[in-house]
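Descriptive analysis of the structure
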Amino acid sequence: MEQVFRSGIGFDVHRLVDGRACIIGGVTIPYEKGLLGHSDADVLLHAISDALLGAAGLGDIGTYFPDTDESFKGADSLVLLARVGEEVIKAGYRIINIDSVVICERPKINPYREEMKIKIAQALKIKVSQVGVKASTSEKLGFTGRMEGIASQAVASVYGSLNDQ
């Protein structure tokens, strides 16, 4: 079988609301609002999950963890990410690297970046040096600029056997 490098991209967005924890990258960040979603709404881990699934040619996060399935209500996205990592391995790939960005005005992400990288690496059983987490504002433009929600983008690279089915 031919060995190949593949890449995938992921994007996610969740609304900020009162009464929810703000969990980003598996880290609970002290903030007056949290992200609304069927699971814990971890926007960063959802983007990374989609990037990994795309890189391995496995579809998207909604295929594996649909928001219509009550068993995923309130789910810990670190657990879901670990399952995504297992699917990537089962498909014959190994994770080379992940790079990601969280887009928001607040909360500030940089104080939590290293902890996020550690949690992501542990969930995927890869080295911390294989995980990139950055933060950016949108210069007060759009829904992220108005602090109505948080967005995240991720890119993942994998290496393995090309399955020509």
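The paragraphs below set out a description of the structure included in this document. These numbers were taken from a predicted model, which means no experiment stands behind them.

Quick notes on the rules
Residues numbered from 1 in each chain as written. Predicted model: local features only at pLDDT ≥ 70, side-chain atom pairs only at ≥ 80, totals over all residues. Heavy atoms only, no water. Phe/Tyr/Trp six-rings, centres within 6.5 Å; stacked < 30°, edge-to-face > 60°. Helix = DSSP H or I, 4+ residues; strand = E, 2+ residues; numbered from the N terminus. Buried < 20%, exposed > 50% of the residue type's maximum accessible area, 1.4 Å probe, protein only.

Taken as a whole and assessed by the stated rule, the structure comprises two aromatic pairs. Ring geometry for F5 against Y159: centres 4.6 Å apart, planes inclined by 45 degrees, an arrangement best described as tilted. Separated by 154 residues along the polypeptide, F5 in strand 1 (residues 3-17) and Y159 in strand 7 (residues 149-161) bring together distant segments of the chain. A centroid spacing of 6.3 Å and a plane angle of 45 degrees characterise the contact between Y64 and F65, whose relative ring orientation is tilted. What makes F65 buried here is its relative accessible area of 9%.

Looking along the chain, the bond that leaves R106 and enters P107 is cis, with omega of 0 degrees. The topology assignment puts P107 in the loop between strand 5 (93-103) and helix 4 (113-124). For A41, which is not glycine, the phi dihedral falls at a positive 65 degrees. One can find A41 in the loop between strand 4 (34-35) and helix 1 (43-55). Residue class for A41 comes out buried when judged on its relative accessible area of 0%. Non-glycine residue E139 carries a positive phi angle of around 55 degrees. Mapped onto the fold, E139 is located in the loop between strand 6 (131-136) and helix 5 (142-145).

In short, geometric facts, not functional conclusions.
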